[in-house]
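Analysis of the macromolecular model
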Amino acid sequence: MLSFEKSSYADFDAVYDDMLQQFPKEELKSKQILSSRIKNGVYQFLRAFDDKKSVGYALLFSSRGHLFIDYIAVYRPYHSNGYGGQMLEALKNFYPDENGCFLEVEKIDPKKENTSRRVSFYKKHGATLLSEKYLYPNEQGALPMDLYYIPYKGSMPQNDETKNFITTLFKSLHNDLPHINRVIEKIFN
């Protein structure tokens, strides 16, 4: 059975090497920023294990009764073995007091098969597309993405609840970007 263990920033080097292979560079924060967020407790860094074998990882933010999955991945040798779905399910058990989790997903691009596969995967595991406009803040400005939510306790967040969560999230995870307030304004105005 799959389980999560909280990890420290000292365990992060090997994970970041994998992230460089699995995430688009425009969506990936620097190793220095991610490590400092883990070290300072802004991120919760979890590693997923099947028995004693490490099969994946997640970097999460928690606030206001909700999780935010910033990064979640299964190591490539373990792809297509059901671990991704097990990881999403295990988060519900690992965080029983949370109402659910937000996640950002690339917009579907017919030229990139992985984008539609990713959306189908999340929907299969209970994710619902939220109506809010969403932008991922990065060094170049902001990347249009879609925001999804997986309810753990049956209800979806209200618009004000989502707005407050996203504002807190951005000011915690992206406070190194000088244009973060403009990105927040673009989303909610």
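Below: a short report on this structure. (Residues numbered from 1 in each chain as written. Predicted model: local features only at pLDDT ≥ 70, side-chain atom pairs only at ≥ 80, totals over all residues. Heavy atoms only, no water.)

**Considerations on the pattern of salt bridges**
Rule in force here: Here, a salt bridge means any side-chain nitrogen of Lys or Arg that lies within 4 Å of a carboxyl oxygen of Asp or Glu. Elements are defined by DSSP. Helices are runs of H or I of four residues or more, strands are runs of E of two residues or more, and each kind is numbered from the N terminus. Three labels apply to residues, based on accessible area from a 1.4 Å probe with only protein chains included: buried if under 20% of the type maximum, exposed if over 50%, partly exposed otherwise in between.
One pass over the structure, following the stated rule, counts six salt bridges. With its nearest N and O atoms 2.7 Å apart, the salt bridge here joins D70 to K29. Pair noted here: D70 is in strand β4 (residues 66-74) and K29 is in the loop between α1 (12-22) and α2 (31-39), with a separation of 41 residues, a long-range link. Judged on exposure class, the residue D70 and its partner K29 are both buried. Ionic pairing is found between E106 and R118, a salt bridge with its closest N-O pair at 2.4 Å. Of this pair, E106 sits in strand β5 (residues 100-106) while R118 sits in helix α4 (residues 113-124), and the two are twelve residues apart along the sequence. E106 gets classed as buried once you look at its relative accessible area, which sits at 16%.

**Examining unusual backbone geometry**
Where the residue is not glycine, phi is negative for most of them; where a peptide bond is considered, it is trans in most cases. Look at D51: it is not a glycine, yet its phi comes out positive at around 60°. With respect to the element layout, D51 can be found in the loop between β2 (44-50) and β3 (53-63). Backbone geometry places S80, a non-glycine residue, at a positive phi of 65°. Residue position: S80 is located in the loop between β4 and α3 (83-94).

**Re the packing of α1 against α2**
The description of two packed helices rests on the angle between their axes and on the distance between the axes. Selection criterion: Angles here are taken between N-to-C directions and fall from 0 to 180 degrees, while the axes themselves are lines fitted to C-alpha atoms, restricted in helices to the stretch in contact. Note on terminology: angles under 35 degrees are roughly parallel, angles over 145 are roughly antiparallel, angles of 65 to 115 are roughly perpendicular, and the others are oblique. Less than a right angle of anticlockwise turn of the near helix away from the far helix marks a crossing as left-handed, whereas a clockwise turn marks it as right-handed. Note on contacts: a residue pair qualifies if any of its non-hydrogen atoms lie within 4.5 Å across the two residues. Charged residues are taken to be Asp, Glu, Lys and Arg, nonpolar residues to be Ala, Val, Leu, Ile, Met, Phe, Trp, Tyr, Cys and Pro, and polar residues to be all remaining types, Gly included.
Between α1 and α2, the shortest axis-to-axis distance is 11 Å and the interhelical angle comes to 135°. What the angle tells us is that α1 and α2 run oblique. Once α1 is placed against α2, the crossing between them reads as right-handed. Across the interface between the two elements, F12, D13, Y16 and M19 from α1 touch K31, L34, S35 and I38 from α2. Considering only residue class, the contact of α1 with α2 consists of five nonpolar, one polar and two charged.

**Some thoughts on α1**
Quick note on the threshold: Each C-beta atom gives one direction from the helix axis, and the arc is the one those directions make.
Taken together, the buried positions of α1 are occupied by F12, V15, Y16, D18, M19 and Q22. Looking straight down α1, one finds its buried side chains confined to an arc of 160°; they lie on one side. Residues of α1 that are exposed and point over 90 degrees away from its buried face: A14 and Q21. Where α1 is buried, its residues contact α2, β2, β3 and β4.

**Points about the packing of aromatic side chains**
The following threshold applies: Here the aromatic set is Phe, Tyr and Trp, taking the six-membered ring for Trp, and pairing holds for ring centres within 6.5 Å; pairs whose planes are under 30 degrees apart are stacked, those over 60 apart are edge-to-face, and all others are tilted.
A complete count under the given rule lists twelve aromatic pairs for this structure. On the numbers, 5.1 Å between centres and 85° between planes, the contact of F23 with Y71 is edge-to-face. Taken together, the residues F23 in the loop between α1 and α2 and Y71 in strand β4 connect sequence positions 48 residues apart. Y71 shares its class with F23; the two are buried. Both rings, one in F102 and one in F165, keep their centres 4.6 Å apart while their planes meet at 15°; by these two values the pair is stacked. Residue F102 is found in strand β5, and its partner F165 is found in helix α5 (residues 159-173); the two are separated by 63 residues along the sequence. Looking at F102, the relative accessible area reads 0%, which means it is buried. An aromatic cluster is built from F61, F102, Y149 and F165, whose rings are joined through pairwise contacts.

Nothing here speaks to function; it is geometry throughout.
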